[in-house]
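Examination of the molecular architecture
Chain by chain, the residues:
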Amino acid sequence: MENQIQTTNAQPAPIGGLGAAVILTNGLLQKSDAKTAHGLIRGTERYEIIGVIDSAETAGKDAGEVLDGKHRNIPVFDSLDYAINNLQSIDYLIIGVATIGGVLPPSMLDIIKIAIENGISIVNGLHEYLSEKPEIVALAEANKVELVDIRKPKSRKDLHFWTGEVRDVKAKIIAVIGMDCAMGKRTTARMLRQACERNGLNGQMIFTGQTGWLQGGKYGFIFDSTLNDFVSGELENAIVSCWKDTHADFIFLEGQSSLRNPSGPCGLEFLISGNAKHVVLLHSPKRKYFDDDPHWGEIPSVESEIEIIEKLGSNVIAVALNTEKCTDEEAFEYQAFYEEKLQIPVLLPIQEGVEKLIPTLIAL
């Protein structure tokens, strides 16, 4: 069942009724803070992305080329005014960053006000809700635009408690989890779903974050906006609803954070409550510390993570590498190294895609 998204005025753009949107990153496009923007640049079925508002450093470039060297015909602008003057029509401004604590930067709030005054609706994935700011609400009403707060929690009556029904699902449930945050879990899960489609397999994805919804996800919930007592039930409900509607061969669960990131350990729910008996594990060979912060501690070895997962009753069927700070040559060297060491498929989603895992999925 699709997450209930809180808005003012009309409802968010439906899948199939794409609204033209620009993404606001405000100088963070090249940082992991902009992972929401990165996902939308790579693809979405909910909006038509027509531009990115970032900084003078990236302005004039193509957002896809800035992200991963692939041209996607999405121009980068250094200001909202410049985007408005150079684009035919903008329906939505999407906040494309994930800040610590979900706080809305004051500099972005000023841009949001300008957007509203120009008749542009706002899509906000942060924990700080625009619909709770009287000045912003009044401005939106005066200009007849929407405020879409993706992370606003569901009401109690709409939440589900875990029932055990997930154990009746016949699809192979595969959790895509990471050794740390911002590893590419959502991107890899989305690519696996698309690879299944290309190969005549019925693969579906459960989104668990705001970007998954923004990309057009039909089944899922916003994990970190859900009361803890209902996380397991909301996860189960999404999986069961997906299975009943689609009779999928495979259901890929978008992981959150990681098993041992101290700022927000997460993952047991997917394996235990979500009954994911198979795992694709994301690893970044050149990342030493959780969130690149020495104070938070070193990321443990891949082997120790696999051992924990296996003790919980699940099987790691592949490792996918986040090759940040790697040359392509280094990426392929790491791939060969880990395949030899772990004796399971090792994917390079950015360099090669994930097609390599299809025979393993079929074998399941």
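Check the entry above for the structure.
I will try to describe carefully the structure that is included in this document. Quick caveat: nothing in here was measured; it's all calculated off a predicted structure.

What counts and what doesn't
- Residue numbering note: each chain is counted from 1, following its sequence as written.
- pLDDT decides what is reported in this predicted model: residues at 70 or higher carry local features, side-chain atom pairs at 80 or more are listed and counted, and totals for whole chains, interfaces and linings draw on all residues regardless.
- Just so you know, side-chain values use all the structure's heavy atoms and leave hydrogens and water out.
- Only DSSP runs of H or I with at least four residues qualify as helices, and only runs of E with at least two residues qualify as strands; both kinds are numbered from the N terminus onward.
- The globule rule used here is 2.2 Å times the number of residues to the 0.38 power, and the radius of gyration it is set against is calculated over C-alpha atoms.
- Residue burial is assigned from relative accessible area. The probe radius is 1.4 Å, only protein chains are included, and a residue is buried under 20% of its type maximum, exposed over 50%, and partly exposed in between.
- Among buried residues, those of type Ala, Val, Leu, Ile, Met, Phe, Trp, Tyr and Cys that are joined through side-chain atoms within 4.5 Å constitute a nonpolar core.
- Between two residues, a contact is recorded if the distance between any of their heavy atoms is within 4.5 Å.
- Here, patches come from residues exposed beyond 30% relative accessible area and free of salt bridges, joined within 9 Å for like charges and within 5 Å for nonpolar side chains (Val, Leu, Ile, Met, Phe, Trp, Tyr).
- Surface accessibility follows the Shrake-Rupley procedure with a 1.4 Å probe radius. Residue values consider only the protein chains on display as shielding.
- By convention in these notes, a salt bridge is any Lys or Arg side-chain nitrogen within 4 Å of a carboxyl oxygen on Asp or Glu.
- As a rule, the C-alpha atoms of each element are fitted with a line to give its axis, helices using only the stretch in contact, and angles between N-to-C directions run from 0 to 180 degrees.
- By the definition adopted for this analysis, an angle is roughly parallel if under 35 degrees, roughly antiparallel if over 145, roughly perpendicular if from 65 to 115, and oblique otherwise.
- Crossings are assigned a handedness: left-handed for a near helix turned anticlockwise from the far helix by less than a right angle, right-handed for a clockwise turn.
- In this classification, the charged set is Asp, Glu, Lys and Arg, the nonpolar set is Ala, Val, Leu, Ile, Met, Phe, Trp, Tyr, Cys and Pro, and all remaining amino acids, among them Gly, are polar.
- Any pair of nitrogen or oxygen atoms within 3.5 Å is treated as a polar contact; in protein, a donor-acceptor pairing is required on top of that, and neighbouring residues in sequence qualify only through side-chain atoms on both sides.

Here the focus is the overall build of the protein. Broken down by element type, the protein carries 13 helices and 14 strands. A globule of 364 residues ought to have a C-alpha radius of gyration of about 21 Å, and the protein, at 20 Å, matches this closely. C-alpha atoms of the protein, sized along the principal axes, occupy 60 × 50 × 45 Å. Evaluated residue by residue, the protein yields a buried proportion of 55% over its 364 residues.

With that out of the way, let us pick up the nonpolar core. Grouped together as the largest cluster of nonpolar side chains are 64 residues, with contacts concentrated most on Ile239, Ile251, Leu281 and Leu361. In terms of residue count, the dominant contributor to this core is helix H8 (residues 228-246) (seven residues). Not counting the four nearest positions on each side in its chain, Ile239 is found in contact with Val166, Val169, Ile173, Ile206, Ile251, Leu253 and Gly274.

A cluster of nonpolar side chains, namely Leu268, Ile272 and Leu312, defines an oily patch on the protein surface of about 250 Å² accessible area. Within the fold, Ile272 resides in the loop between helix H9 (268-271) and strand E12 (278-283).

Now for the packing of helix H10 (residues 302-311) against helix H11 (residues 328-342). Geometrically, a packed helix pair is captured by the angle between its two axes and the distance between the axes. Packing of H10 against H11 leaves a shortest axis separation of 12 Å and a crossing angle of 45°. The pairing of H10 with H11 is recorded here as oblique in orientation. Taken as a pair, H10 and H11 cross one another with a handedness that is right-handed. Here H10 contributes Val302, Glu303 and Ile306 to the contact with H11, which in turn contributes Tyr338, Lys341 and Leu342. Classifying every residue of the contact of H10 with H11 gives four nonpolar, no polar and two charged.

With that settled, the discussion passes to the pattern of salt bridges. All told, the structure shown has 20 salt bridges when counted by the stated rule. Arg193 serves as the salt-bridge partner of Glu197, at 4.0 Å between the closest nitrogen and oxygen. Of this pair, Glu197 and Arg193 both sit in helix H6 (residues 185-198), four residues apart, which is roughly one turn of that helix. Connected through shared salt-bridge partners, Arg42, Asp68 and Arg72 make up one network.

This next bit is on the environment of Ser225. Checked against the element boundaries, Ser225 lands in the loop between strand E10 (219-220) and H8. Taking C-alpha positions, Ser225 is 33 Å from Asp81, a pair spaced 144 residues apart along the chain. Setting aside residues up to four positions removed in sequence, Ser225 forms contacts with His127, Arg151 and Pro153. Polar contacts involving the side chain of Ser225 include one to the main-chain carbonyl oxygen of Arg151, which spans 2.6 Å.

The next subject is the side chain of Arg287. Within the fold, Arg287 resides in the loop between E12 and H10. Residue Arg287 is classed as buried on the basis of its relative accessible area, which comes to 7%. A polar contact of 2.8 Å, which involves the side chain of Arg287, links it to the side chain of Asp180. Within the local environment of Arg287, its side chain forms a polar contact with the side chain of Glu324, the two groups lying 2.7 Å apart. Dropping the residues within four chain positions of it, Arg287 is found in contact with Asp180, Cys181, Ala182, Met183, Asp292, Ile299, Asn322 and Glu324.

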